[in-house]
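# Secondary and tertiary structure notes
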Amino acid sequence: MGGVQRVTARNARFQQWQALLTNRNKRSRAREFLVQGVRPITLALEHGWPVRVLLYDAERSLSHWAGQLLRDSTGVERLAMAPELLAELGEKNETPPELVAVVGIPADDLDRITVGDGFLGVLFDRPTSPGNIGSIIRSADAFGADGLIVTGHAADVYDPKSVRASTGSLFALPAVRVPSQREVEVWLDRERAAGRPVTVVGTDEHGETALYDFDFTGGPVLLLIGNETTGLSSGWRERCDRTLSIPMSGSASSLNAANAATAVLYEAARQRALQARESGRVVLPGQAGQATGPHH
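Below: a short report on this structure. The structure presented is a predicted model; accordingly, all values stated were derived computationally and were not measured.

This next bit is on unusual backbone geometry. If a residue is not glycine, its phi is most likely negative; likewise, a peptide bond is most likely trans. Here Arg 126, not a glycine, exhibits a phi torsion of approximately 55 degrees, which is positive. As for its placement among the helices and strands, Arg 126 is situated in the loop between β6 (120-125) and α6 (130-142). Here Thr 167, not a glycine, exhibits a phi torsion of approximately 45 degrees, which is positive. Take Thr 167: it is sitting in the loop between α7 (160-165) and β8 (175-178). The class for Thr 167 is partly exposed, based on a relative accessible area of 26%.

So, on to helix α4 (residues 64-72). One full turn of an α-helix is made of 3.6 residues, so residues set three or four places apart face in the same direction. For α4, every residue scored as buried is listed here: Ala 66, Gly 67, Leu 69 and Leu 70. Angular distribution of buried residues about the axis of α4 spans 165 degrees; they occupy a single face of the element. Looking at α4, the residues exposed on the side facing more than 90 degrees away from the buried face are His 64 and Asp 72.

So, on to α6. Taking 1.5 Å per residue as the helical rise, α6 with its 13 residues ought to reach 18 Å, and the 19 Å between its terminal C-alpha atoms agrees with that figure. Those residues of α6 not exposed but buried are Pro 130, Asn 132, Ile 133, Gly 134, Ile 136, Ile 137, Ser 139 and Ala 140. Where α6 is buried, its residues touch β6, β7 (147-151), α7, β8, β11 (221-225) and α10 (257-278). Where α6 terminates, the next one or two residues include Gly 144, which has phi positive at roughly 80 degrees.

This part is about the nonpolar core. By size, the foremost hydrophobic cluster in this structure holds 51 residues, and its most contacted members are Phe 33, Leu 148 and Leu 170. For this core, the element with the highest residue contribution is α10, accounting for 6 residues. In contact with Leu 148, other than residues within four places in its own chain, are Ile 113, Val 122, Phe 124, Ile 133, Ile 136, Ile 137, Leu 173, Pro 174, Ala 175 and Val 176. In terms of nonpolar packing, the next biggest core, distinct from the first, is built from 18 residues, Val 176, Val 178, Trp 187 and Leu 222 among them.

Position of Ser 139 among the secondary structure elements: in helix α6. By relative accessible area, Ser 139 is classed as buried at 11%. Setting aside residues up to four positions removed in sequence, Ser 139 forms contacts with Thr 262 and Leu 265.

What follows deals with the packing of α6 against α10. Interaxial distance between α6 and α10 falls to 9 Å at its minimum, and their mutual angle equals 10 degrees. One element, α6, and the other, α10, form an angle in the roughly parallel class. In contact with Asn 132, Ser 135, Ile 136, Ser 139 and Ala 140 of α6, α10 contributes Ala 257, Ala 258, Ala 261, Thr 262 and Leu 265. In terms of residue class, the contact of α6 with α10 is built from 6 nonpolar, 4 polar and no charged.

All right, on to the sheet that holds strand β4 (residues 77-81) then. Strand order in the open sheet made by the 5 strands is β1-β4-β3-β5-β2, with mixed pairing throughout. The outermost strands of the open sheet, each flanked by one partner alone, are β1 (6-7) and β2 (32-36). Pairing of strand β3 (residues 51-57) with β4 involves 5 bridges; the strand directions are parallel. Among the inter-strand pairings, Tyr 56 is bridged to a residue of β4, identified as Ala 80. Sitting on the sheet, helix α3 (residues 38-46) is in contact with β2, β3 and β5 (99-104), with an inclination near 130 degrees to β2. Sitting on the sheet, α4 is in contact with β3, β4 and β5, with an inclination near 40 degrees to β5.

The strand order across the open sheet formed by 7 strands is β8-β7-β6-β11-β9-β12-β10, and the pairing between neighbours is parallel. Both edges of this open sheet fall to β8 and β10 (209-210), since each of them pairs with a single strand only. Across 4 bridges, strand β9 (residues 199-203) lies against β11 in parallel orientation. Among the inter-strand pairings, Val 201 is bridged to a residue of β11, identified as Leu 223. Running at roughly 170 degrees to β6, α6 makes contact with β6, β7, β8 and β11 of the sheet. Each of β6, β7, β8, β9 and β11 is contacted by helix α8 (residues 181-193), which is oriented at about 140 degrees to β7, the strand it contacts most.

Reading guide: rules and limits
- Residues numbered from 1 in each chain as written.
- Predicted model: local features only at pLDDT ≥ 70, side-chain atom pairs only at ≥ 80, totals over all residues.
- Heavy atoms only, no water.
- Helix = DSSP H or I, 4+ residues; strand = E, 2+ residues; numbered from the N terminus.
- Buried < 20%, exposed > 50% of the residue type's maximum accessible area, 1.4 Å probe, protein only.
- Arc of directions from axis to C-beta.
- Expected span 1.5 Å × (residues − 1).
- Contact = heavy atoms within 4.5 Å.
- Core = buried A, V, L, I, M, F, W, Y, C linked by side-chain atoms within 4.5 Å.
- Axes fitted to C-alpha atoms, helices over the stretch in contact; angles between N-to-C directions.
- Parallel < 35°, antiparallel > 145°, perpendicular 65-115°, else oblique.
- Nonpolar A, V, L, I, M, F, W, Y, C, P; charged D, E, K, R; others polar.
- Pairing = 2+ DSSP bridges.

Dropping the structure here:
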């Protein structure tokens, strides 16, 4: 791809992109983050995310996928980069990735999450691990949830560890960050006033109801997952309409936050699929929830 711009030194632009990997404040100010990998970049484009720059190896014969993507990405800046620099942005010690994308961060607007009669949302309260955020996004997408809300002083949804752990599901499922419980309460009150009362369900080791005894088919549900160390805040505990425990055997007393969320999401999907079969409706994989891009 001759005639294109090349980045061969650690210039100001390279340093800006490098900072997006480690500096949350830089990501917030630039409203950009880096995306690595075939599936995540493909899904970002498919779901209409604002891909601003595509960086590719200046000295490598590109695969059919990478070449086609570069040719089809009209309106996106394309830059050839020295392989050792691309390896740094791809966080690989030796072989650089074929492509790294610079993607815009959408607004943290709860209206990106659509609440319908069958709404299933997840709220992660003050998570400390970006990997857990990405894992929950992946599970929420897999089991038909409609969105993730991250509240409080928390790890960043757009941290590279979160983006990688989501394996591209970040681009198919709205994930919204809000400062506190208050913003969510306003949103829940608005949905209730519109005739969509959302049942707030928390997971807790000592929950009052066993997971499989709760009816996930009775209307909109928001599932609360607490901080990995301290669990749900007292404010969220008081707000729960119901708390659920996950019955376990063996010596473990609790599950990792992402594993707990996955268990609950699976049970919700199982109940809803069973209800759909019994009512004669056919639910295909991926149709249980609504996958929305950043502008929805």
